[in-house]
Amino acid sequence: MKSFAPKPWVAPQPVLIIGTYNENGIANAMNAAWGGQWDMKEIVISMGSHATTQNLNRNGEFTVAFASKKTLVASDFVGIVSAKNDPNKIEKTGWKAEKAKMVNAPVFTDFPMTLECRIKEKIDESAEGYYIVAEIVNILVNENYLAEDGNPDIEKMELIVFDPVHHNYIELGKKVGQAFSDGKVLK
């Protein structure tokens, strides 16, 4: 096996779009790849120093949308362009935004699934940013992405993940097994 120095190569990394309002109530979004499930009803996200970080300092509520093949270009755009430099960046994405049902944050309706979140804790807060531990207070799923059982259909969503090694986006594939079941054959 070939050895590499430590790098941020945990894979797959979800492509998370964090939605906040600025001080004037204008919707903003940023792309964040360093995040994931923290507990049953909580997520964790590593935040740097961004316009979104400033928005979160004013209002600890936000949304997290999961980027898809259909939202890829605009999702990448909000990751490389700061609202500090381009206050009209959301207009350029073409995304439609509406107010979330349970938090004071925008929901970008172009995404298949969005979490409504509230910050519970900031960890290692500094000028460079912090880690957010947030409570998931509601989950919104576009009805086009529901399975026959009424739950979200992850395959239909065409979600993308970030490849931290080659800086690519990769579409999630097809089901290959059944969790909490397939391993039983080895008992």
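You'll find the structure just up there.
Source: prediction; values computed, not measured. (Residues numbered from 1 in each chain as written. Predicted model: local features only at pLDDT ≥ 70, side-chain atom pairs only at ≥ 80, totals over all residues. Heavy atoms only, no water.)

A. Region of the structure containing the overall build of the protein chain. From N to C terminus, the protein chain includes four helices and twelve strands. Computed over C-alpha atoms, the radius of gyration of the protein chain comes to 17 Å, within 12% of the 16 Å expected from 2.2 N^0.38 for 187 residues, which places it in the range of a compact globule. The long-range share in the protein chain, meaning contacts at least 24 apart out of those at least 6 apart in sequence, stands at 58%. Of the accessible surface of the protein chain, which amounts to about 11400 Å², a share of 53% is contributed by carbon and sulfur atoms. Side chains of the protein chain give 20 positive and 24 negative charges; the mean places of these two sets differ by 2 Å. (Helix = DSSP H or I, 4+ residues; strand = E, 2+ residues; numbered from the N terminus. Rg over C-alpha atoms; globule rule 2.2 N^0.38 Å. Contact = heavy atoms within 4.5 Å. Areas by Shrake-Rupley, 256 points an atom, 1.4 Å probe, with all protein chains shown as cover. Lys, Arg positive; Asp, Glu negative; His and termini not counted. Charge placed at Lys NZ, Arg CZ, Asp CG, Glu CD.)

B. Examining the nonpolar core more closely. Residues Ile-43, Ile-45, Phe-62, Val-64, Cys-117 and Ile-132 are the most contacted members of the largest nonpolar core, which totals 22 residues. Within the residue set of this core, elements represented by two or more residues are strand E2 (16-21), strand E3 (27-32), strand E5 (42-47), strand E6 (61-66), strand E9 (113-126) and strand E10 (129-141). Discounting chain neighbours no more than four positions away, the residues touching Ile-43 are Gly-36, Gln-37, Trp-38, Phe-62, Val-64, Leu-115, Cys-117, Ile-132, Val-133, Ala-134 and Ile-136. Val-15, Tyr-21, Val-78 and Phe-108 belong to the second-largest nonpolar core, a separate cluster that totals 14 residues. (Core = buried A, V, L, I, M, F, W, Y, C linked by side-chain atoms within 4.5 Å. Buried < 20%, exposed > 50% of the residue type's maximum accessible area, 1.4 Å probe, protein only.)

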